[in-house]
Amino acid sequence: MLIKQTCSVLAVMAGLASTAQAEDLNALIWCDHADPELLQPFEEAHDVRVNVKEYEGTAAGLTLLEQSRPGDWDVMVIDAVDVGRAVERGLLAPLPTEGLSTDSYFPEAVLADHTTIDGTTYAVTEKFGYNTIAYNKAAVDPADMESLDALWSGKYDGRIAIYDYYLPVLGLVGLEAGVATADLDAAALETLREPLMKLGAASKQVSDVVSSQTALATGEVDVLIGGGEWLTAVLNAENPDLDWTIPEEGGLLWAQSLAIVEGTEKPELALEFIKYVTSPEGQARLATSSCYWGMPANQAAGDVMSDEQKAILRWDDQADYLARAQLYPVPDAETDTAMQDLWTDMLQN
Amino acid sequence: MRILSWAYLLALFAFILLPVVTLVIFSFQDGRLPVPPFKGATLDWYREILTDRALMEALGNSLIVALLSSLVALVLGFLAASGLARVLLPGTVVMRGLLIAPMTVSYLIIALGLLQMFNKVGIRPSLLATGIGHVVINLPLCFAILYAAIGEHQKSALKAARDLGAKEWQVLWFVAAPMLTPGLAAAFFLAFTFSWDEFIIAFLLTRFDVTLPVEIWSMLRSGLSPATNAVGSLVFLVSVIVVVALELTLFRKGSK
Amino acid sequence: MVAPALLWTLAFFVVPFAAMVMMSLAHMEGRDIVQGHDLGNYLKIFTDPSLRRGIFVSLEITVVVTLISVLLAWPLAWIIATRVPPRWRRIALLLAVLPFWTSYVVRSYSWALVLGEKGVVMNALVGLGLLAEPVQIMATRAATIIGFVHFFVMLLTLTIYSNLVQLSPNYARAAEDLGASRWQVIRLVILPLTLPGVMTGAFLTFVLCIGDYITPQILGGNNELSLPQLIMLQLGRRGDFPMASALSVVLMVIVTLAYAGCARWLKMERL
């Protein structure tokens with residue numbers, strides 16, 4: 001029996017070894033970049049293999065990079081507003097800008113202030129969307145959803161889910177309290193404790209992407225704070241009643257960007273990958289990736305996408321949305337810790 | 001009493017089997033959501049997972065890690081058990097305690113400790129690192145099973161072989177191993193199962209090449225889908241076939 | 001011959017553990033880990049209400065799960081060992097532990113499908129008119145406990161069953177000859193004799209339950225955080241290795257105390 005097993009192990013290993021010959025590109029990513037539909041065309045065109053590893057939250061991603069050795073990573077996906085943080089710690093390499101024109105981008109989605117530091121460009125935005133309110137319009141009054149007040153009114157107690165990411169949700173709680181995300185510092189944060197705890201008490205669960213989708217789709221909750229098109233778009237075919245809006249207080253704009261990791265041994269290949277993802281075809285695939293959807297930063301993707309896809313993403317309303325949305329809060333280390341502590345308190349009470 | 005017994009048996013079986021049955025049924029769901037109502041049967045999800053490159057690689061990785069790590073754990077455990085059973089030294093109790101100790105520690109702690117040590121000495125997270133972790137958790141298991149299997153009868157047989165001039169490796173290979181076959185098989189089988197199904201060590205100690213539980217976890221996190229049910233059902237089906245086959249061949253003799 | 005196993009355990013168990021204890025004495029300054037020798041993290045665990053509560057959440061869940069699992073598993077093992085005809089016994093046992101062979105991650109996930117408001121259980125209960133409307137189980141502590149109990153009933157049934165079949169039927173017969181009723185036989189003779197099996201299984205349940213991340217994460221809805229969830233939060237969100245290590249050491253101490261508490265009944269090498 002053991003001999004047989006040994007043989008089968010050797011056979012499996014031999015099989016794996018033969019597939020492992022192509023060059024590798026190591027990418028630290030969010031789950032939307034793991035979609036084979038997105039990666040395969042690039043892998044075939046350049047005869048490489050893109051290895052992906054997901055991470056959660058910028059702090060964890062940066063820790064991961066710091067514990068790695070130079071050359072371990074080639075590219076990474078990072079919140080556009082956090083590029084500065086990564087550059088400050090010497091983790092990103094300058095990004096050559098030839099061939100990476102942002103002329104056809106949504107102007108608000110370029111975020112050059114964040115991706116260019118002291119005149120050097122380190123990252124390019126690729127996808128954006130909103131953290132606002134997602135809801136089941138068959139179960140709630142859509143008119144209520146036009147104001148964040150509804151979540152604190154008591155009317156929807158026990159039917160609310162909170163998206164488990166402290167930055168956007170604290171940003172939204174701030175908007176409700178009249179604090180712009182740019183002003184969200186340690187002092188302002190303390191004033192948010194009470195409304196956050198109240199929101200926590202009114203909610204049924206605090207959940208990641210899938211649990212939130214499940215809860216919305218199965219009717220366990222009717223409202224999700226922190227959600228948006230990225231959460232409801234994939235479920236559109238299944239349940240067209242799932243909808244989202246940006247309330248009068250505003251919403252949060254999330255924008256993810258791509259950067260080359262400092263110390264990479266394959267800067268050309270990394271650049272090629274970034275060029276591919278920001279090309280109209282790559283943008284269209286990324287926008288409708290299996291994990292979550294989002295608006296492509298590059299408007300040229302619109303020529304490649306179907307009208308139906310664009311309708312789901314509400315392509316034509318973007319001008320209005322972009323005008324009303326605010327960027328993620330960018331806390332310093334101390335405020336970030338305070339935010340996470342506050343978030344843990346909310347989870348634990 | 002009798003009726004009560006059977007009612008209890010049925011109730012608990014229903015409780016135990018309920019999630020598995022639900023899992024399997026909704027793996028055939030003809031729709032995007034694996035929850036009631038059942039919308040009709042399809043095999044699409046099975047086709048999807050069988051053509052999923054990442055998933056199939058994870059499956060292969062899991063097989064390799066489980067086979068190799070349980071083999072290493074088995075050999076180390078066998079040597080230690082035979083060694084400790086041979087003579088009673090003053091340090092025996094301490095050594096036995098040390099070897100058993102990892103069994104009383106949460107996997108999460110073992111994973112975290114290894115992660116930090118590997119970071120320090122510059123070993124990248126990989127399947128090898130995961131395999132090392134799995135040997136740590138399975139070594140106590142293999143050792144305990146084999147140590148318990150060496151009774152007085154076995155001890156005297158080993159002693160006789162040594163007295164007759166057999167070399168140590170001959171004693172182990174020709175006398176101890178054949179005598180302990182049921183124990184060796186059980187230990188290997190258990191170790192394999194634990195490694196195959198282990199999540200947290202593999203989650204913290206891998207990077208790109210992941211094992212099946214880690215891949216399933218990222219499937220779970222990236223979208224609700226009957227495909228997850230299909231993977232679970234397939235793993236379940238294959239495991240049950242293997243278990244039943246073993247039950248009918250290997251363990252039948254041992255149990256009677 | 002013992003050396004390779006001992007070396008392995010030293011290198012990959014004792015040394016990493018020591019490294020973790022060292023790390024627990026460091027602390028974070030901003031986003032950097034600063035090596036040190038202070039007990040700040042431990043102090044914080046016992047003064048910060050959210051972290052301290054994690055210890056109690058974990059303990060409460062684990063104790064309840066262990067008790068319920070033992071209470072459910074003992075009769076099941078006993079029925080299989082004594083009531084089921086011998087030729088069906090191994091099949092019954094196999095059925096009782098069948099879900100072991102689904103993937104561990106998938107098992108919790110399938111409970112999420114079963115327990116949801118639109119899940120199988122609520123559908124059936126409402127459909128049969130037993131409930132007016134669905135009750136919330138999913139995303140509560142009850143869901144976590146159900147998920148855990150499901151797994152540990154299987155584990156305990158195995159350990160108790162193997163203990164039961166090793167008992168000679170003569171004990172029971174002797175007691176009956178001496179005039180004991182069937183209940184007295186079970187309570188006064190068989191139950192005490194299975195204590196080692198029960199305690200070993202209960203201890204294993206305790207260790208595995210208190211250290212598990214997946215089950216509360218999938219089923220608990222993040223409405224309260226257990227120790228492993230807090231540890232993973234430190235790692236995944238903050239990269240705070242010192243605090244994660246300190247929490248792990250606390251977890252380790254709890255398990256060691258539990259071990260010391262029931263050590264005299266345990267036969268770890270007799271699993």
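Residues numbered from 1 in each chain as written. Chains lettered and ligands numbered in written order. Predicted model: local features only at pLDDT ≥ 70, side-chain atom pairs only at ≥ 80, totals over all residues.

Colleague: Quick one: what's the story with the overall build of chain C, residue by residue and with numbers?
Modeller: A count of helices and strands for chain C gives 13 helices and two strands. Each of the three principal axes of chain C carries a C-alpha extent, and together these read 70 × 60 × 35 Å. When the 271 residues of chain C are sorted by exposure, 51% land in the buried category. By sequence separation, contacts in chain C at least 24 residues apart represent 71% of the contacts at least 6 residues apart. (Helix = DSSP H or I, 4+ residues; strand = E, 2+ residues; numbered from the N terminus. Buried ≥ 20, exposed ≤ 12 C-beta atoms within 10 Å, placed from the backbone. Contact = placed C-beta atoms within 7 Å.)

Colleague: Give me the overall build of chain A: which residues, what numbers.
Modeller: On a plain count of helices and strands, chain A comes out with 15 helices and 14 strands. Taken over the C-alpha trace, chain A has a radius of gyration of 21 Å; the compact-globule value for 349 residues is 20 Å, and the two agree within 12%. Classification of the 349 residues of chain A by burial places 51% in the buried group. (Rg over C-alpha atoms; globule rule 2.2 N^0.38 Å.)

Colleague: Before we move on, can you summarise the interface of chain B and chain C with the specific residues and values?
Modeller: Counting from both sides, the interface comprises 68 residues of chain B and, opposite them, 65 residues of chain C. Contributions of two or more residues to the side of chain B that touches chain C are made by helix 1 (2–25), helix 3 (53–86), helix 4 (92–100), helix 5 (107–121), helix 6 (127–149), helix 11 (212–222) and helix 12 (226–248) of chain B. A total of 13 residues in the side of chain B that touches chain C trace back to one element, the largest contributor, which is helix 1 of chain B. Looking at side-chain class alone, the side of chain B that touches chain C contains 52 nonpolar, 13 polar and three charged residues. (Nonpolar A, V, L, I, M, F, W, Y, C, P; charged D, E, K, R; others polar.)

Colleague: Could you give an account of the packing of helix 3 (residues 49–82) of chain C against helix 7 (residues 141–166) of chain C, with specific residues and numbers?
Modeller: Packed helices, taken two at a time, are described by the angle between their axes plus the distance between the axes. All names here are of chain C. The N-to-C vectors of helix 3 and helix 7 enclose an angle of 40°; their axes lie 6 Å apart at closest approach. The angle between helix 3 and helix 7 falls in the class oblique. For helix 3 against helix 7, the interelement crossing comes out right-handed. Its residues assigned to classes, the contact of helix 3 with helix 7 shows 23 nonpolar, three polar and one charged. (Axes fitted to C-alpha atoms, helices over the stretch in contact; angles between N-to-C directions. Parallel < 35°, antiparallel > 145°, perpendicular 65-115°, else oblique. Left-handed = near helix turned anticlockwise from the far one by under 90°.)

Colleague: Outline the nonpolar core, listing residues and values.
Modeller: Formed by 281 residues in total, the largest nonpolar core has its most connected members in A:Val75, A:Leu92, A:Ala259, B:Ala111 and B:Leu146. Top contributing element to this core by residue count: helix 3 of chain B, with 15 residues. Excluding its chain neighbours within four sequence positions, the residues that come into contact with A:Ala259 are A:Val75, A:Met76, A:Ile78, A:Val83, A:Leu92, A:Leu95, A:Tyr122 and A:Ala123. (Core = buried A, V, L, I, M, F, W, Y, C linked by C-beta atoms within 7 Å.)

Colleague: Lay out the domain arrangement of chain A in plain terms, naming residues and giving numbers.
Modeller: Residue and element names in this part refer to chain A. For chain A, the assigned domains read domain 1 (23–128 + 254–315) and domain 2 (129–252 + 326–348). Computed from C-alpha atoms alone, the centre-to-centre distance between domain 1 and domain 2 is 26 Å. Contact with domain 1, which involves twelve residues of that partner, is made by 15 residues of domain 2. Residues that form the side of domain 1 that touches domain 2 fall into these classes: nine nonpolar, one polar and two charged. (Domains from an automatic or database assignment.)

Colleague: Just give me the short version of the interface of chain A and chain C, but keep the residues and values in it.
Modeller: Listed per partner, the contact involves 20 residues of chain A and 20 residues of chain C. Where the side of chain A that touches chain C is concerned, the elements lending two or more residues are helix 3 (58–67), strand 9 (203–207) and helix 15 (333–348) of chain A. Here the element with the most residues in the side of chain A that touches chain C is helix 15 of chain A; it accounts for six residues. Considering only residue class, the side of chain A that touches chain C consists of six nonpolar, nine polar and five charged.

Colleague: Just give me the short version of the packing of helix 1 (residues 3–24) of chain C against helix 13 (residues 241–262) of chain C, but keep the residues and values in it.
Modeller: Residue and element names in this part refer to chain C. Interaxial distance between helix 1 and helix 13 falls to 7 Å at its minimum, and their mutual angle equals 120°. Crossing of helix 1 over helix 13 shows left-handed handedness. On the side of helix 1, the interface is formed by Met-20, Val-21, Met-23 and Ser-24, while helix 13 contributes Phe-241, Pro-242, Ser-245, Ala-246, Ser-248 and Val-249. Taken together, the residues of the contact of helix 1 with helix 13 sort by class into seven nonpolar, three polar and no charged.

Colleague: Describe unusual backbone geometry, and please don't skip the residues or the numbers.
Modeller: Residue and element names in this part refer to chain A. Positioned with a positive phi, Asp-118 is a non-glycine residue whose angle comes to about 50°. Take Asp-118: it is sitting in the loop between strand 5 (116–117) and strand 6 (120–121). At Arg-314, a position not held by glycine, the phi torsion is positive, near 55°. Within the secondary structure, Arg-314 sits in the loop between helix 13 (307–313) and helix 14 (318–324).

Colleague: So what's going on with helix 5 of chain B? Residues and values would help.
Modeller: An α-helical turn contains 3.6 residues, so any two residues separated by three or four positions project in the same direction. Its 15 residues give helix 5 of chain B an end-to-end C-alpha distance of 21 Å, which sits within 8% of 21 Å, the value for a rise of 1.5 Å per residue. Burial runs high along helix 5 of chain B: eleven of the 15 residues are buried. Among the residues of helix 5 of chain B, B:Tyr107, B:Leu108, B:Ile109, B:Ile110, B:Ala111, B:Leu112, B:Gly113, B:Leu114, B:Leu115, B:Met117 and B:Phe118 are the ones counted as buried. Those residues of helix 5 of chain B that are buried are in contact with helix 6 and helix 10 (200–205) of chain B together with helix 1, helix 12 (227–238) and helix 13 of chain C. (Expected span 1.5 Å × (residues − 1).)

Colleague: Can you explain the pairing of strand 10 (residues 223–227) of chain A? Please cite residues and give values.
Modeller: Residue and element names in this part refer to chain A. In terms of burial, strand 10 is largely enclosed, as five of its five residues are buried. With four bridges joining them, strand 7 (residues 123–136) and strand 10 adopt antiparallel strand pairing. Paired with Ala-134 across the strands is Leu-224, a residue of strand 10. By the bridge criterion, three bridges tie strand 8 (residues 160–163) to strand 10 in an arrangement that is parallel. If you follow Ile-160 over to strand 10, its bridge partner there is Val-223. (Pairing = 2+ DSSP bridges.)

Colleague: For the pairing of strand 2 (residues 48–54) of chain A, give the residues involved together with the corresponding values.
Modeller: Residue and element names in this part refer to chain A. Sheet analysis places strand 1 (residues 23–29) next to strand 2, joined by seven bridges and oriented parallel. Bridged to Ala-27 within strand 2 is Val-52. Crossover strand 1 to strand 2 through helix 2 (residues 36–46) is right-handed. (Right-handed = clockwise from strand over helix to strand, strands pointing away.)

Colleague: Would you mind going over helix 9 (residues 181–197) of chain B in detail, with residue names and values included?
Modeller: Across its 17 residues, helix 9 of chain B extends 24 Å between first and last C-alpha, which sits within 8% of the 24 Å expected from 1.5 Å per residue. All of the buried residues along helix 9 of chain B are B:Gly183, B:Leu184, B:Ala186, B:Ala187, B:Phe188, B:Ala191, B:Phe192, B:Ser195, B:Trp196 and B:Asp197. Of the surrounding elements, those touching the buried residues of helix 9 of chain B are helix 3, helix 6, helix 8 (168–179) and helix 11 of chain B together with helix 5 (104–115) of chain C.

Colleague: Residues and numbers for the confidence of the model for chain C, please.
Modeller: Residue and element names in this part refer to chain C. For chain C, mean pLDDT is 90; residues scoring 70 or higher make up 98% of the total. Looking over chain C, one finds the lowest element-wise mean pLDDT in helix 8 (residues 169–177), namely 82, and the highest in helix 3, namely 96. In the predicted assembly, ipTM is 0.91 and pTM is 0.91. (pLDDT = per-residue confidence, 0-100.)

Colleague: Can you tell me about the environment of A:Gly200, naming the residues and giving the values?
Modeller: Residues and elements named next belong to chain A. Mapped onto the elements of the fold, Gly-200 is located in helix 8 (residues 186–202). Separated by 145 residues in the primary sequence, Gly-200 and Asp-345 have C-alpha atoms spaced 9.8 Å apart. In contact with Gly-200, not counting residues within four places along its chain, are Met-346 and Asn-349.

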